[in-house]
Amino acid sequence: MRPLSGNFGDLALEAVRTTPDKVALYGQNLEITYSQLHSRMNQAGHLFRRFGVQKGDRVALLFQNDVRYIEIFFGLQKIGAVPVPLNAKLGVDTLAYIIEDSGSKILVSHSSWTTKAEQLHRIGRLEHVFIVGQHNEPGRFHPYEELARKEPETLETVPVKDDDISFLPYTSGSTGKPKGCMLTHSGQWWNADTNRTVLQIDRDDCSLVAVPLYHKNAMINAVKPGLIAGTSIVVLPDFNPADVIEAIHRYRCTYLTGVPAMYKLLLNHYKLLKNKHEYDLSSLKFFAVASSDVPPELVRDLQETFNVEVLESYGLTEGGPNVLATPRGRHRPGSAGLPLPGGEVKVMSTDGSEQPVMNGSVGELWVRNPGVAKGYWNRPDTTKQKLTEDGWLKTGDLARMDDDGYVYIIGRKDDMIITGGENVYPKEIEDILLKHEQIEDVCVVAVPHEVKGQVPVAFVKTSPGSQVTEQKIQQYFFQHGPAYAYPRKVIFIDQMPLSGTGKINRSELSRMALEVMQKTGSLASGKEN
């Protein structure tokens, strides 16, 4: 229930009132009850207010996973400030751009990123830097923990309007510089609480978070709905399959949230475990998976191995973030689910006419819901380009919809490959190749071609001991897919490069593919039919 303040920082208020002594957060050597979390959020708010932070001010957060990120994030919101979560794995130049663009004058950094914090302080206009955790030079920056614990434990939350900015996440910047997305307090309430309802999360649940807290996956599938519902949340510092298995057993976790790459590693680790009998994983109900394509084979393997539901979803930073979700018991293979209740989606033509396409046809996904960003920070032209006057967001993602309203994500519009006039979708090539019994993982990217314009190249990770060759993979595709879409080059790879959020780094693979093509000259004009 949304409190009178309207402030999303009060999301745990109901649990604080009804179950104050229940553990809200399990961290490294730290357990925090709902009562303690409430006090710590209030202390964070007081501390930053004492250092000049006022309503509407932006504060940048540079963290690895740590429960104190959660108290700081919502403590800032309670005083009306705007957290700016930073992807800690970005380069210093990109981080400096985000801090400058957002107008953040304060940086709160985890001690593991002290070196980056020092660089950002040196090259930027930061007025204050706080360090969370132990570090070697305590006199240089403000020690967050020491200062915060001296602040009052009660705080009157700042009332906000529905369209006041709740927080300012930045897009990944895969096409140009990152863009700040203005997500509102009312939009966050709707998105988090609706997702809680669809996933049927209640106070008896215990979620496990091993993906980055700065990313939407962890926050919208576990932290935000969990704090509203009064669940317990286990926060691991990073993803390690052995630690995940141990945590599920120890804390009796009922669900995980993550990305396909994480679940693949978890699956492989568990299959090789010789002491499975020592771990009781029977508490698990479901796995929430999002942020990237989910191969149907992976879904089946997870279901059979862990005896859980696998619930796919889809979102994007400016989309709320969650747009589509799979209701419990209603999974449809290959689909990212249905629009969240209260939200709308439609699939539109990409030929410039911007007309709805027939069910089953591929087009650009447009979304409209109460959680959609009200615009891009400092980018009125981009806002006008991406958001229609009647509230539709053009996602840039290709999708198709079936007759029951389930949506299937095909990939980014920018990733579509136009080969000799034919539209080729990387996901469709990947789905075919993943059916090969000796292929564990695959990613398809485009490379330029003098005759065809573009052609697909497949990066393939094979099963241990596999002897499959490039020619055999190409022959397999000819037998199961359209000839014009076959991968002109197959590059074998031990591990897919991942971004900081656990997605396959397509930009890095595109660079690698181009490098290979330039060395071999195998795609030069005249050598391809």
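Residues numbered from 1 in each chain as written. Predicted model: local features only at pLDDT ≥ 70, side-chain atom pairs only at ≥ 80, totals over all residues. Heavy atoms only, no water.

J.: What is the right way to read the environment of Lys285 from this model?
T.: Within the secondary structure, Lys285 sits in the loop between helix H10 (260–272) and strand S13 (286–289). Looking at Lys285, the relative accessible area reads 34%, which means it is partly exposed. Residues Lys285 and Pro85, spaced 200 residues apart in sequence, show a C-alpha to C-alpha distance of 30 Å. In contact with Lys285, not counting residues within four places along its chain, are Asp205, Thr254, Val308, Glu309 and Arg328. Separated by 3.3 Å, the side chains of Lys285 and Asp205 make a polar contact. (Helix = DSSP H or I, 4+ residues; strand = E, 2+ residues; numbered from the N terminus. Buried < 20%, exposed > 50% of the residue type's maximum accessible area, 1.4 Å probe, protein only. Contact = heavy atoms within 4.5 Å. Polar contact = N/O pair within 3.5 Å; in protein donor to acceptor, adjacent residues only side chain to side chain.)

J.: Would you mind showing me how to read the packing of H10 against helix H11 (residues 296–306) here?
T.: When two helices pack together, their arrangement is given by the angle between the helix axes and by the axis-to-axis distance. It is the contact of H10 with H11, at a shortest axis distance of 11 Å, that shows an interaxial angle of 45°. The angle between H10 and H11 falls in the class oblique. Here H10 runs over H11; the crossing is left-handed. Touching Pro260, Tyr263, Lys264, Leu266, Leu267, Tyr270 and Lys271 of H10 are Leu298, Asp301, Leu302, Thr305 and Phe306, all from H11. Of the residues in the contact of H10 with H11, the class split is eight nonpolar, one polar and three charged. (Axes fitted to C-alpha atoms, helices over the stretch in contact; angles between N-to-C directions. Parallel < 35°, antiparallel > 145°, perpendicular 65-115°, else oblique. Left-handed = near helix turned anticlockwise from the far one by under 90°. Nonpolar A, V, L, I, M, F, W, Y, C, P; charged D, E, K, R; others polar.)

J.: Can you walk me through the packing of helix H2 (residues 34–50) against helix H3 (residues 67–78) in this structure?
T.: Relative orientation of the contacting elements H2 and H3 amounts to 60°, with a least axis distance of 7 Å. One way to sum up the angle between H2 and H3 is to call them oblique. For the pair H2 and H3, the sense of crossing is right-handed. Across from Leu37, His38, Arg40, Met41, Asn42, Ala44, Gly45 and Phe48 in H2, the residues of H3 making contact are Arg68, Glu71, Ile72, Phe74, Gly75, Leu76 and Lys78.

J.: What should I look at first to understand unusual backbone geometry in this one?
T.: As a rule of thumb, non-glycine residues mostly have phi less than zero, and peptide bonds are mostly trans rather than cis. Following Gly320, the chain continues into Pro321 via a peptide bond in cis, with omega recorded as 10°. Take Pro321: it is sitting in the loop between strand S14 (309–315) and strand S15 (322–325). Of note, the phi angle at Asn378 is positive, near 60°, even though the residue is not glycine. Looking at the element boundaries, Asn378 is found in the loop between strand S18 (363–368) and helix H12 (380–386).

J.: Please explain the pattern of salt bridges as it appears in this structure.
T.: In a structure, side chains of opposite charge can pair up when their charged atoms sit close to one another. Throughout the structure, instances matching the rule amount to 31 salt bridges. Residue Asp441 is joined to Lys264 by a salt bridge in which the shortest nitrogen-to-oxygen separation is 2.7 Å. Of this pair, Asp441 sits in strand S23 (residues 439–449) while Lys264 sits in helix H10; the two residues are 177 residues apart in sequence, bridging distant segments of the chain. Residue Lys264 is classed as buried on the basis of its relative accessible area of 17%. Because the salt bridges share partners, they merge into one network encompassing Arg40, Asp66, Arg68, Glu71, Glu145 and Arg149. (Salt bridge = Lys/Arg side-chain N within 4 Å of Asp/Glu carboxyl O.)

J.: For this particular structure, what's the right way to read the packing of aromatic side chains?
T.: Each aromatic ring pair is described using two quantities: the centre-to-centre distance and the angle formed by the ring planes. Taken as a whole, this structure holds 15 aromatic pairs when the rule is applied. Taking the centre distance of 5.3 Å and the plane angle of 70° together, the rings of Phe63 and Tyr69 count as edge-to-face. As far as burial versus exposure is concerned, Phe63 and Tyr69 are alike and both buried. Measuring from ring centre to ring centre gives 5.0 Å for Tyr263 and Phe287, while their planes differ by 25°; the resulting arrangement is stacked. (Phe/Tyr/Trp six-rings, centres within 6.5 Å; stacked < 30°, edge-to-face > 60°.)

J.: It is not clear to me how the sheet that holds S15 should be interpreted in this structure. Could you clarify?
T.: Read across the open sheet, the nine strands follow the order S2-S1-S11-S10-S12-S13-S14-S15-S16; overall the sheet is mixed. With partners counted over all chains shown, the strands left at the sheet margins are strand S2 (30–33) and strand S16 (338–339), one partner each. Of the pairings in the sheet, the one linking S14 to S15 comprises three bridges and is antiparallel in character. Residue pairing for S15: Tyr314 is matched across the bridge by Leu324. (Pairing = 2+ DSSP bridges.)

J.: I tried to follow the side chain of Asn369 on my own but got confused; where do I start?
T.: Mapped onto the elements, Asn369 comes out in the loop between S18 and H12. Leaving out residues up to four positions away in the same chain, Asn369 has contacts with Trp190, Gly319, Asn322, Val323, Gly342 and Gly343.

J.: Would you explain the pairing of strand S1 (residues 23–27) in this entry?
T.: Side-chain direction in a regular strand flips from residue to residue, so the side chains alternate between the two faces of the sheet. Burial runs high along S1: five of the five residues are buried. Bridge count for S1 against S2 is four bridges, and the pairing is antiparallel. Directly across from Tyr26, in S2, lies its bridge partner Glu31. The antiparallel hairpin formed by S1 and S2 contains two residues in its connecting segment, where Asn29 sits at a positive phi of about 55°.

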